[in-house]
Amino acid sequence: MVSDNALRVAGTLTVLLLVVTASPAAAAAAGGATTSDAPGAGDAVAAADSATVAPDGNETNATTLTVLAYNDVQTAASDPGRMGRLVGVVNERRAAHDNPTVVVGGGDEVSPSSLSPISQWRVPVDVLNVLEPDAEVVGNHDLDYGFDAVENYSDESAFPWLAANVVHEDGSSIPGTKNYTIVERDGVRVGVVGLVDDAIKSKTAVDFDERGYRVADFARVGDRIAMTLKTEKDVDVVVAAAHIGVPESKELARASDAIDVIVTGDDEVAYAPRTTSGTTIVEAEARGAYVGEVNLTVSDDGVSLASGRLVAVDENSPVNETAKAIVEDARGEQLERVAGRTTVALDSTFASNYHDETAWGNLVTDAFRAETGAAVAVTNAGGIRGNFVMEPGTVTYGDVYTSLPFGNYLVTKEMTGEQLRELLASQVVPRTSNYGAEAKLQVSGVAYEFVPDENATQPVQDVRVNGEALREDATYNVTINSYMAGWSFEERYGWSFGDLPTTGVDQSLYGSVVAEYVNETTPVSPADTNRIRRVDLHVGDATVPVPPGRSDELTVRVDVPAGVSSVNGSTVDVQNATTGSVSATSATVRDGVLVATFDRDAFGTLVASSDDLDLYAHYDGSLYGADNYFRAAILNVDLDVPPGHQAGGPGNASEGERGPPSHAGPPEHAGPPAHAGPSAKKDDDEDDDDENDALVAGAGRAVALH
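Since the structure is predicted, the reported quantities are computational estimates derived from the model, not experimental observations. The written sequence of each chain sets the order in which its residues are numbered from 1. The model is predicted, so local features are restricted to residues of pLDDT at least 70 and side-chain atom pairs to those at 80 or more, both for listing and for counting; the totals for chains, interfaces and linings are taken over all residues. To obtain the side-chain values, all non-hydrogen atoms of the structure were included, while hydrogens and water were left out.

### Considerations on the sheet that holds strand β13 (residues 270-276)
Rule in force here: Each pair of strands is called paired provided DSSP finds at least two bridges between the two strands. Runs of E in the DSSP output that reach at least two residues are strands. Runs of H or I that reach at least four are helices, and both are numbered from the N terminus. Geometry is summarised by axes, namely lines fitted to C-alpha atoms with helices restricted to the contacting stretch, and by angles between N-to-C directions that run from 0 to 180 degrees. Note on contacts: a residue pair is in contact if any heavy atoms of the two residues lie within 4.5 Å.
Strands sit in the order β8-β9-β11-β12-β14-β13 across an open sheet of 6 strands; the sheet is mixed. Only two strands of the sheet have a single partner each, and these edge strands are β8 (180-185) and β13. Pairs of neighbouring strands in the sheet enclose a mean axial angle of 20°, with direction left out of account. The pairing of strand β11 (residues 237-243) with strand β12 (residues 261-264) spans 4 bridges and is parallel. Its bridge partner lying in β12, A242 is registered against T264. Across the sheet, helix α7 (residues 218-232) touches β8, β9 (188-196) and β11, and the angle it forms with β9 is around 165°.

As structure tokens, this is what we get:
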């Protein structure tokens, strides 16, 4: 029921939801009533009439409510222009309406950004105080500095932070937070409740159980508080600031008739305003790329969506100079300093680092090993942020901290070979997932194949540590980041990192370690050296015969299943255990046989470095094929190399003998990408300069990967 004061409001009251997103393409893909192609931020939003006609023909009082909301600022907090435009668009939309407005945030605002190592939460909070929200929800990254920091940044915020369903064992909330807040504008009362889902516990380094916190069911808690707000607090509209993502927001909408709007965040998708079970849901990805506007008609009959859209925040948007100056001053000279130079593009995009090895991921983990001296380094793809590419040229400290913004440091653990293999396998995502096959790790000192089949009994195989076959009962020093040090695999494998011996702790921030490594080894030229090798189909073994006489070529012949109709000749290569490789001069599938030809001398050089060889090829056919990310499936053949092939020079030194690469030379493998996306990296292609031909003959058989 709208309060009496609200019914006397002459104008309209609009609900404007600011949602922070990342890419116009994603918004367009999301569809719905509005997209980034909708009218610009300065265009007026159509407002509902102040009176409507009920089904019985009687006029009923109505108004339109306006709420401003944003979510997942994250790395944009260190971008002066982005934050200035974000606040500028909010203010412009606020001024475009004569109606009262309410500003609500969707969480993940104070971290991570390149300023995190320098100022922690202070700069984002200073900018948010200029933006003037009425409420914020605590997202998982808002806990990056621990539970205690929440009270500190809440004290410095000119607005309340909400988290209704994170409950301490004594019944209290996180210090510095409230369950809900009520905002009144010209007689219209708006209640805002803050909610998170249980996934928050695995998305931050905070140990909920250790600190005595649990996450109650968001749907049950949200509905209960919303009903209380409407029945006991005379609230007209309930907004849930819910850091739970769109699918969970739909679940919340179906569970509650009392929640009118859900400003969601966390999964960072462009979701133009639309209704589920009468509740309006909106999200616009992350990093300040859009403002969402939603108009709700509020009457005696209830609350309904009148109209809505996503408005782009771009170079044409107005800039709030105060917000811009806050970020510029914080950046100062520290982040603008040049750490070094790169001769190749450094890919810090989410898709590339989650799905496969990247040259940047190799450099990051090589820096870890160089710092600690460990045999192996592993970092999670989620610790590589920014979703950008550093182009050839200068690399600033700001670039590195934007990519590696968390307060993580380095921890070295003693692991058995079995545990190392289990760690690698724990992150494999099958090709049938919404995102396609993923390795979700970046590594140094170890190379392995991963099998993206949900039925695979061995999702990781052929593991090599510095060129040598992994020994399950051996122990290895493995450097990880401090966030990973909290991982537990008790249910799956019966161990956790907390149980393993710690052989070293380096308190240097992982971003600082990498920045200094770039500075010390500049110019850097990291390459994709096939440390992580995706295999969709294993086609058995083949023996490489010694060619007769002085033949310049070797030919491999391997039987392939009927489902393999052809191979991409440019992707066929042989790789050894030390990540050296040689590409085929030609390759075809004829009558169920893969025939690949190689230069004999180049093949001999490869064998001289390591005779543990595998053949890889991108293939077309009915067996598995492309997924949502990779353009083609990959088959693999294990090659048995008898004596007589070691011709053509000393070969490449083992990576185990060399230690982490200095990245000071030209890129080794820079072929075209094997999967989609403008910043996607290649899979198994090799540079033409490295192509050497060979001849091998043998026979193989298909082997199921289950």
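### With respect to a negative patch on the surface
Counted only if it meets this: To count toward a patch, a residue needs a relative accessible area over 30% and no salt bridge; like charges are then connected within 9 Å, while nonpolar side chains (Val, Leu, Ile, Met, Phe, Trp, Tyr) are connected within 5 Å. Only the protein chains shown count as cover for residues, and all accessible areas are computed by the Shrake-Rupley method using a 1.4 Å probe. What makes a salt bridge here is a side-chain nitrogen of Lys or Arg within 4 Å of a carboxyl oxygen of Asp or Glu, nothing more. We count Lys and Arg on the positive side and Asp and Glu on the negative side, and we leave His and both chain ends out. Here the site of a charge means atom NZ of a Lys, CZ of an Arg, CG of an Asp or CD of a Glu. Each residue is placed in one exposure class: buried if its accessible area under a 1.4 Å probe, protein chains only, is under 20% of its type's maximum, exposed if it is over 50%, and partly exposed if it falls in between.
There is a patch of like negative charges on the surface, built from D126, E151, D155 and E156. Its place among the elements puts E151 in helix α6 (residues 147-155). Note on E151: relative accessible area 39%, which makes it partly exposed.

### Remarks on the pattern of salt bridges
In the structure shown here, the tally under the stated rule is 16 salt bridges. Put simply, E293 and R93 hold a salt bridge, and the shortest N to O gap is 2.0 Å. Pair noted here: E293 is in strand β15 (residues 290-299) and R93 is in helix α3 (residues 80-95), with a separation of 200 residues, a long-range link. Where R464 meets D612, a salt bridge forms, and the shortest distance between an N and an O atom there is 2.3 Å. Taken together, the residues span a long stretch of sequence, with R464 in strand β25 (residues 460-465) and D612 in the loop between α16 (600-609) and β39 (613-621) at a distance of 148 residues. On the basis of relative accessibility, which here comes to 14%, the residue R464 falls in the buried class. The class for D612 is partly exposed, based on a relative accessible area of 24%. Here the residues in one salt-bridge network are R93, E293 and R309, joined through shared partners.

### With respect to the nonpolar core
Stated formally: Joining through side-chain atoms within 4.5 Å is the link that ties buried Ala, Val, Leu, Ile, Met, Phe, Trp, Tyr and Cys residues into a set, and such a set is a nonpolar core.
Core analysis: the largest hydrophobic core is formed by 92 residues, its most contacted members being F208, V239, W360 and V514. Sort the elements by how many residues they give to this core and helix α15 (residues 510-521) lands first, with 6 residues. Ranked by size, the runner-up nonpolar core spans 35 residues in total, among them V378, A439, A474 and L500.

### Points about the sheet that holds strand β31 (residues 532-534)
Read across the open sheet, the 4 strands follow the order β26-β25-β24-β31; overall the sheet is mixed. Each edge of the open sheet is held by one strand with a lone partner, namely β26 (468-469) and β31. Across the sheet, helix α13 (residues 417-426) is in contact with β24 (446-450) and β25; its angle to β25 comes to roughly 125°.

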